[in-house]
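# Structural description and commentary
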Amino acid sequence: MLRLNGMRPPLVAIKGSHTLTTYTMEYKIQTIGVLTSGGDAPGMNAAVRAVTRAALYNNIRVKAVYRGYKGLMDGEVAEFTTQNVSGIIQRGGTILKSARSEEFKTPEGRKRAYDTIVREQIDALIVIGGDGTFTGGRVFAQEYNIPVIGIPGTIDNDLWGTDATIGYDTALNTIVDCVDKLRDTATSHERVFLVEVMGRDAGFLTLNAAIAAGAEAAVIPERATVAEQIETAIGQGRRKSKNSSIVLVQEHAVEGGALAVQQEIEKTHPEYNVRTTILGHLQRGGRPSAKDRILASRMGCAAIQALLDEQRSIMVGIQNDEIVYVPLTKAIRTKKDIKADTWHAMQILCI
Ligand code: F6P
């Protein structure tokens, strides 16, 4: 834990407390832990690399934690040098592996994780992931008074307080590539193609990929009813005397996803030849785009700077190309809405 003049400070029982003792100036962070958790995202490796190198640059030791919070509970920890993160910036996935842990949601699980923190003499934790990762990190930080810094790594781009999350740009490009290819068949066979896109509860990937791919419609949870959106899609195709159309459907916009939408269209418009493609985990893989690599590199360095700035329980974000620190609570609890002009542009451009 944080050491005062090389000595361990008293462990304060702060469970459930919101009035934390703030260890500030006197305590020097000597060792950080870094983990990736939740769904993997392209660019996570670039973030691990940046965190590691920025820490070492500042004479801070790095303990890499494998398999997210599960590995933290199980003590799967290895010390990293700069060589451990060589040759990974271009790789998708995460060299640290990832997991979703139910056990970490329990006080007993977090106690096991804390035992690892003490054993490994980790003073602060950097967690790379999305909403679930930050939720766990925030509770852990409160319970055990340990600085936790979040780096947003998720293809969903659904975290409030940051214009972009690591992996979003790459996933967007993957989706657009796939839709471009599907359009060839849609046009040749005069079909309606429904393309199911990931995003958890958010429509950022769906809407922006729809704009970039020139789709006829985007069905997203944040806007108009599914029925309305489908009518728009079919109507636009007809108005343009097109017998083919591409409709991007956010995975949770309708129960049953794009296949349920297909059934609905086949019922109401039997004249259409409909096919559904579920892009699935293809969207999470692949080499990160240059944009994601740069974002991850900046955010990784900023996470270490945040610790040097004595920040805790914050997410590193990017707004108008400037690095910002956002309280984890706000990042998790505030709903990030899609931009009105983006939705409007979609409506204009699909006529
Ligand atoms: O959060 C990333 C994400 O890919 C979501 O878009 C999707 O809903 C979910 O993870 C899928 O999770 P899993 O890989 O556990 O099936």
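Note that the structure is a prediction, hence the values are computed from the model and not measured.

Definitions and cut-offs
- Residues numbered from 1 in each chain as written.
- Predicted model: local features only at pLDDT ≥ 70, side-chain atom pairs only at ≥ 80, totals over all residues.
- Heavy atoms only, no water.
- Salt bridge = Lys/Arg side-chain N within 4 Å of Asp/Glu carboxyl O.
- Helix = DSSP H or I, 4+ residues; strand = E, 2+ residues; numbered from the N terminus.
- Pairing = 2+ DSSP bridges.
- Axes fitted to C-alpha atoms, helices over the stretch in contact; angles between N-to-C directions.
- Contact = heavy atoms within 4.5 Å.
- Near = heavy atom within 4 Å.
- Polar contact = N/O pair within 3.5 Å; in protein donor to acceptor, adjacent residues only side chain to side chain.
- Nonpolar A, V, L, I, M, F, W, Y, C, P; charged D, E, K, R; others polar.
- Expected span 1.5 Å × (residues − 1).
- Buried < 20%, exposed > 50% of the residue type's maximum accessible area, 1.4 Å probe, protein only.
- Arc of directions from axis to C-beta.
- Phe/Tyr/Trp six-rings, centres within 6.5 Å; stacked < 30°, edge-to-face > 60°.

### A word on the pattern of salt bridges
As enumerated under the stated definition, the model contains 17 salt bridges in all. Put simply, D131 and R200 hold a salt bridge, and the shortest N to O gap is 3.8 Å. On the criterion of sequence distance, the pair formed by D131 in helix α4 (residues 131-144) and R200 in the loop between β8 (192-197) and α6 (204-213) is long-range, its members being 69 residues apart. Three or more residues are tied together by salt bridges with common partners; here these are K70, D74, E103 and R112.

### Describing the sheet that holds strand β3 (residues 31-36)
Picture the strands of a sheet paired through backbone hydrogen bonds; they go either parallel or antiparallel. Spatially, seven strands are ordered β5-β4-β3-β6-β7-β12-β13 in an open sheet, and the strand pairing comes out mixed. The strands lining the two open edges of the sheet, one partner per strand, are β5 (77-80) and β13 (322-327). Going across the sheet, the axis of each strand differs from the next one's by a mean of 30 degrees, ignoring polarity. Bridging between β3 and strand β6 (residues 124-129) involves five bridges; their strand directions are parallel. For I32, the partnering residue across the bridge sits in β6 and is A124. Against the sheet, α4 engages β6, β7 (148-152) and β12 (314-319), with an angle of about 165 degrees to β6.

### Structural notes on the site of the ligand
Taken together, R100, D156, M198, G199, R200, E251, H281 and R284 are the residues near the ligand. Within the side chain of E251, one N or O atom sits 2.5 Å away from an oxygen atom of the ligand. Taking R284, its side chain carries an N or O atom lying 2.7 Å from an oxygen atom of the ligand. For the shell around the ligand, a count of residues per class yields one nonpolar, two polar and five charged.

### A closer look at helix α8 (residues 257-268)
Between the first and last C-alpha of α8 there are 17 Å, a value that for 12 residues agrees with the 16 Å anticipated at 1.5 Å per step. Those residues of α8 that fall on the buried side of the exposure criterion are G257, A258, V261, Q262 and I265. What you see down the axis of α8 is that its buried residues fit within an arc of 150 degrees, all on one side. In α8, the exposed residues that point more than 90 degrees away from the buried face are Q263 and K267.

### As for the packing of aromatic side chains
By the definition in use, this model includes five aromatic pairs. Each residue in the set Y69, F104, Y114, F140 and Y144 is aromatic and connected to the rest through ring pairs, giving one cluster.

Bear in mind that shape data such as this cannot, by itself, settle questions of function.
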